[in-house]
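Results of the structural survey
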Amino acid sequence: MAPIYDCSVDSELLTGMRLARGAIGRGELVVIPTDTVYGVAADAFSPAAVQRLLDAKGRGRQSPPPVLVPGIPTLAALAEHVPAEVDALVQEFWPGGLTIVLPATPSLVWDLGETKGTVALRMPQDRIALEILSETGPLAVSSANLTGRPAARTAAEAEAMLGESVSVYLDGGVAGTAYERVEGKDSSSTIVDATALAAGAGKLRILRHGVITAEQLRAVVGDALADEADEAEAVADTAADT
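Since the structure is predicted, the reported quantities are computational estimates derived from the model, not experimental observations. Residue positions are given per chain, counting from 1 as you read along its sequence in written order. Local features in this predicted model are restricted to residues whose pLDDT is 70 or higher, and side-chain atom pairs enter the listing and the counts only when it is 80 or higher, whereas totals over whole chains, interfaces and linings include all residues. Water and hydrogen atoms play no part in the side-chain values, which are based on all heavy atoms of the structure.

Digging into the overall build of the protein chain
Spelled out, the test is: Put simply, DSSP marks the helices as runs of H or I at least four residues long and the strands as runs of E at least two long, and each gets a number from the N terminus on. For the radius of gyration, the atoms used are the C-alpha atoms, and the globule rule reads 2.2 Å times the number of residues raised to 0.38. Partly exposed residues are those whose accessible area sits between 20% and 50% of the maximum for their type, while under 20% is buried and over 50% is exposed, using a 1.4 Å probe and protein chains only. Contacts are residue-level and defined by heavy atoms, with any inter-residue pair within 4.5 Å sufficient.
Secondary structure summary: the protein chain contains nine helices and ten strands in total. A compact globule built from 242 residues should have a C-alpha radius of gyration of about 18 Å, and the protein chain, at 17 Å, falls within 12% of that. Principal-axis analysis of the C-alpha atoms places the extent of the protein chain at approximately 50 × 40 × 30 Å. Looking at the 242 residues of the protein chain, the share that counts as buried comes to 52%. Here the contacts in the protein chain between residues at least 6 apart in sequence split such that 67% fall between residues at least 24 apart.

A closer look at helix α1 (residues 10-25)
The condition is simple: By definition here, a helix of n residues has an expected span of 1.5 Å times n minus one. Arc definition: directions from the helix axis to the C-beta atoms.
Over its 16 residues, α1 extends 23 Å from the first C-alpha to the last, a length consistent with the 22 Å expected when each residue adds 1.5 Å. For α1, the set of buried residues is L13, G16, M17, A20, A23 and I24. Burial along α1 is one-sided: seen end-on, the buried residues are contained in an arc of 130°. With respect to the buried face of α1, the exposed residues turned more than 90 degrees away are S11, L14 and G25. Contacts made by the buried residues of α1 are with β1 (4-6), β2 (30-32), β3 (39-43), α5 (127-136), β7 (139-143) and β8 (168-171). Just downstream of α1, G27 is the residue with a positive phi angle, here 85°.

Some words on the side chain of T105
The test is simple: Here a polar contact is taken to be a pair of N or O atoms separated by no more than 3.5 Å, where protein atoms must pair a possible hydrogen donor with a possible acceptor and residues adjacent in sequence count only if both atoms sit in side chains.
Residue placement: T105 occurs in the loop between β5 (98-103) and β6 (118-122). Judged by its relative accessible area of 18%, T105 falls in the buried class. One polar contact links the side chain of T105 to the main-chain carbonyl oxygen of A77, over a distance of 3.2 Å. Among residues more than four places away in sequence, those in contact with T105 are A76, A77, L78, A79 and E80.

Structural notes on the packing of α1 against α5
Definition in use: Axis definition: a line fitted to C-alpha atoms, limited for helices to the stretch in contact. Angles are taken between N-to-C directions and run from 0 to 180 degrees. Each angle is binned into one of four classes, with values under 35 degrees roughly parallel, values over 145 roughly antiparallel, values of 65 to 115 roughly perpendicular, and all other values oblique. Should the near helix be turned anticlockwise from the far one by less than a right angle, the crossing is termed left-handed; should it be turned clockwise, right-handed. Only Asp, Glu, Lys and Arg are considered charged in this grouping, and only Ala, Val, Leu, Ile, Met, Phe, Trp, Tyr, Cys and Pro are considered nonpolar; every other residue, Gly among them, is considered polar.
Between α1 and α5, the shortest axis-to-axis distance is 11 Å and the interhelical angle comes to 45°. One finds that α1 runs oblique with respect to α5. Two packed elements cross with a definite hand, and for α1 against α5 that hand is right-handed. Judged by residue contacts, L13, M17, A20, R21 and I24 of α1 engage R127, I128, E131, I132, E135 and T136 from α5. A per-class count over the contact of α1 with α5 returns six nonpolar, one polar and four charged.

A short note on the nonpolar core
Short version of the rule: Grouping buried Ala, Val, Leu, Ile, Met, Phe, Trp, Tyr and Cys residues that are joined through side-chain atoms within 4.5 Å yields what is termed a nonpolar core.
Ranked by internal contacts, the top residues of the largest apolar core, which has 56 residues, are V31, V67, L98, L121, L204 and L217. Broken down by element, the residue count for this core peaks at five residues, all from helix α2 (residues 47-57). Non-local contacts of L204, meaning those with residues more than four positions away in its chain, are made with E85, V86, L89, V192, D193, A194, L197, V221, A224, L225 and A226. Residues A41, L68, L133 and L170 belong to the second largest nonpolar core, which totals 19 residues.

A few points about the side chain of D126
Put simply, the rule reads: Asp and Glu are treated as the negative residues and Lys and Arg as the positive ones, with His and the ends of the chain left uncounted. Note on definitions: salt bridges are taken to be side-chain nitrogens of Lys or Arg within 4 Å of carboxyl oxygens of Asp or Glu.
For D126, the location among the structural elements is in the loop between β6 and α5. One buried charged residue, D126, forms no salt bridge at all, with the nearest opposite charge on R127 at 6.6 Å. For D126, the side chain forms a polar contact with the main-chain nitrogen of I128, separated by 3.0 Å. In contact with D126, other than residues within four places in its own chain, are P33, T34 and D35.

Here you go:
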């Protein structure tokens, strides 16, 4: 059984973080807490590690994982163009439960799957996740569950589904407690597609309704956010992610 390290205990936190960094450096998988759900993380710049992540979840390359980043400045490095409205959103909701899809910088040397030239980016609001990211750089992180199963909100739930496919589990307690839980509502991050806006060809679209509401988004960007009728036309993979 892969070890689970209780990050509320100083000695286990130090050991777990050290082993997690080492595992990621070797192209292995690590489960980390985030502010929404638990995520399974891999080196975003290692195609073999990303494929290992997809295999562990039972997902194909048509469902590329999002990328978690350690800070807002990384957004400009990974995205080809950041519209003013997106900048306003990240200033308001990062770190936090908002994932934004943008055209990826063409020079990036990575293979996340069939992204069609885009990347989904988020800065999580969790001290353990941010500490890992500050040392490893951007990580490909998908929800720590088997495809079709509910996203894990504890390290134990993640371990029960992913088992030995993960080298290290970091236990940061129950995930998602910073957000109001609503029955039937996704407890993962809200995903906003900004690719049309970045291209000057449309508005922001919500691909998945999560912990950040449409009303909260519209309070920041106004009419730059498409209404629900327009959103219904968007084609998106709405499987649970972090």
